[in-house]
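# Architecture at a glance
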Amino acid sequence: MTDINPTALAQTHSTPSAASALVGDPSKFGRVGEDGTVFVRTSDGEKPVGSYPGKTAEEALAYFVRKFEALASEVALTAARITSGAMVPQDAYEAVKKLRQQVRELNGVGDLDALAASVEQIEPLIEGHREAYEAKKAAEAVAKAARREQILVEKEKIVVEAESLALSENWKVTGDRLKALLDEWKAAPRLDKKSDADFWKRFSASRNKFDKRRRTHFAQLEATAGKVSEAKNAIIAEAEKLATSTDWVATARRYKALMDQWKVAGRGKKTDDAKLWARFKAAQDQFFTAKNADLEKREVSMSANLIKREELIVQIEALIPFTDVKQAKNAFRELMNTWTKIGITNRDKRAAFDARVSKVEEAIKQAEAEIWRKTDPTAKARAAEVVKQLSDSIESYEKTAAKAQAAGNEKKAKEALESAVARKSWLDEAQKHLAEFN
């Protein structure tokens, strides 16, 4: 049967509704003649509704029952929409008019009298629920106003941020941010013409102010090439001083910072910049050449450590498989103490070793989790409850089958027995699961 929600209509009137017309078996109001014609019984007598060539009597009857059910569902849905305030009253009157016509012309099998009566119950609901429609309409207006307020807040936020950036001297970052803000502005929903124009005026003024200051700044840089050269000479002096440092990590970071300063210093004369860059690069190269040479020496030590790890990983992996989780965990802990004391190893090699160690560690954790799962009293209680529910269900279906057989209803008995058989297979699995806790 088509799934409908008749509650709203049924609660409004005590007389039968579209929903009540679907209660029970609509096919009881019809029959199929020997020639295949399908009839429906009404208060005015029996009338033919059609036929379904090439189908069995049951299939033909079911076809016309479905037509009845579809219209009954539409009637119930219309009533529900009216009571919820979802329909415009004028549209509701038109919908009722259309439903009356559809019920009169319906060639379907079901309680047509109850369905017709249910349609007549809908019209009185329209005025009774006009207030709900008006309330919903007012709520939509409130939502629209709230949305406008939200857009106002969003655009105000964009404009305020643009205004806060107008005096920034972080030219690259601020320029990118203002461009992103412009994209946000374009993507934002529109307001009324005046509000948008006011916001845009403020936003555009901030962008123009920043752009003018940025152009002036870079023009001044071109005019002060000597200052650029002075700044770069200071950077080179520090770079050359650091060239003999053996504090590899800190000095490498400082060279990166000096490189950032070099970029910020701007451009000088092309020929001067080339010479200055050659000096700066020579100092860097001297430091990193020494750093790489030291790294080669450390490679020897790392090779020895690699051998130690290769030997120890064999012992760690040998813990699997295990039968005593606690013993395996203790042994793993001891081996890991030794593992952590080994010195540095090549990063690429270390990653592979760590993955193998993690595999053993995960196996131990899973074993511990499995022990907990099999001893968890809550899980055991749930498994027992499932077994009980299935057992009770099977017993219920078997009783139903016995009653149906006694009453001569072989179809119902067969269905009940099939349901019981299906649940027996489920019961076997549930009992196996419960047995794991024992």
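Residues numbered from 1 in each chain as written. Predicted model: local features only at pLDDT ≥ 70, side-chain atom pairs only at ≥ 80, totals over all residues. Heavy atoms only, no water.

As a packed pair, helix H13 (residues 377–406) and helix H14 (residues 410–435) sit with axes 8 Å apart at the nearest point and diverge in direction by 160°. If you check the angle between H13 and H14, you find them roughly antiparallel. Here H13 and H14 pass one another in a crossing that is left-handed. Considered class by class, the residues forming the contact of H13 with H14 number 17 nonpolar, seven polar and six charged. (Axes fitted to C-alpha atoms, helices over the stretch in contact; angles between N-to-C directions. Helix = DSSP H or I, 4+ residues; strand = E, 2+ residues; numbered from the N terminus. Parallel < 35°, antiparallel > 145°, perpendicular 65-115°, else oblique. Left-handed = near helix turned anticlockwise from the far one by under 90°. Nonpolar A, V, L, I, M, F, W, Y, C, P; charged D, E, K, R; others polar.)

Once that is clear, we can look at the confidence of the model for the protein. Averaged over all residues, the pLDDT of the protein equals 81, while 89% of them reach at least 70. Segment residues 1–21: pLDDT under 50, and 43 contacts once partners within four positions in sequence are set aside and those in other chains are kept. (pLDDT = per-residue confidence, 0-100. Contact = heavy atoms within 4.5 Å.)

All right, on to the packing of helix H3 (residues 89–105) against helix H4 (residues 112–128) then. Across the interface, H3 lies against H4 with an axial gap of 10 Å and an inter-helix angle of 170°. One way to sum up the angle between H3 and H4 is to call them roughly antiparallel. On H4, the residues that touch Pro89, Ala92, Tyr93, Val96, Leu99, Arg100 and Val103 of H3 are Leu115, Ala116, Val119, Glu120, Ile122, Glu123, Ile126 and Glu127. Across the contact of H3 with H4, the residue classes tally to 11 nonpolar, no polar and four charged.

Our next topic: the environment of valine 314. You can see valine 314 is positioned in helix H10 (residues 270–317). With relative accessibility at 52%, the residue valine 314 sits in the exposed group. Residues valine 314 and arginine 356, spaced 42 residues apart in sequence, show a C-alpha to C-alpha distance of 9.9 Å. (Buried < 20%, exposed > 50% of the residue type's maximum accessible area, 1.4 Å probe, protein only.)

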